[in-house]
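# Analysis of the macromolecular model
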Amino acid sequence: MTSHDLANLVGFCGTACIIFAYGYATRQDRPNPFVQHGVNLLGAALLTISLLFNMNPASFVLEFFWAAIAIWGLVKAFRNRSSNP
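All residue numbers here refer to positions counted from 1 along the written sequence of the relevant chain. Totals for whole chains, interfaces and linings use all residues, but because this is a predicted model, local features are given only for residues with pLDDT of at least 70 and pairs of side-chain atoms are given and counted only at 80 or more. To obtain the side-chain values, all non-hydrogen atoms of the structure were used and water was disregarded.

### Considering the packing of aromatic side chains
Aromatic contacts are taken between Phe, Tyr and Trp rings whose centres are within 6.5 Å, Trp giving its six-membered ring; a plane angle under 30 degrees counts as stacked, one over 60 as edge-to-face, and the others as tilted. All chains considered together, the criterion is met by three aromatic pairs. Judged by centre distance (4.9 Å) and plane angle (70°), the ring pair of Phe34 and Phe78 falls under edge-to-face. Here the residue Phe34 occupies a position in helix 2 (residues 33-53), and Phe78 occupies one in helix 3 (residues 57-83), the gap between them amounting to 44 residues. A 1.4 Å probe rolled over the protein chains alone gives each residue an accessible area, and that area as a share of the maximum for its type sets the label: buried under 20%, exposed over 50%, partly exposed in between. Assessed through its relative accessible area of 28%, Phe34 is described here as partly exposed. For a ring to carry a charge above it, either NZ of a lysine or CZ of an arginine must fall within 6 Å of the ring centroid while also lying within 35 degrees of the normal to the ring plane. A cation sits over an aromatic face here: Lys76 above Trp72, 5.9 Å from the ring centre. Strands here mean DSSP runs of E at least two residues long; helices mean DSSP runs of H or I at least four residues long; both are numbered from the N terminus.

Take a look at the structure:
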């Protein structure tokens, strides 16, 4: 297996994470924000790793914002959890 094959495999795992998170958020009436945003962040990270081997600038920018929004969601979830014991 070449490094490009491994990068593609990592990218497909990232894609699977993002698809799972979207399906999870759509299916659940009250999705757990730690699952939703955590899996989205993992997906963005894996896709970013893949993009380091097969660069696509537009996708790289998309993953940056995807990760930033996921981190924002996680921060909000942590703040809400600490204010609502």
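There's plenty left to go through after this.
### Some details on the UniProt feature "transmembrane region" (unreviewed entry) in the chain
UniProt positions are given in the numbering used here, feature names are shortened, and annotations may be inferred rather than shown by experiment. Residues annotated in UniProt with the feature "transmembrane region" (unreviewed entry) correspond here to residues 6-25 and 37-54. Overall, residues 6-25 shows 100% helix and 0% strand. The separation of its end C-alpha atoms is 29 Å. Helix makes up 94% of residues 37-54 and strand 0%, and the two end C-alpha atoms of the span are 25 Å apart.

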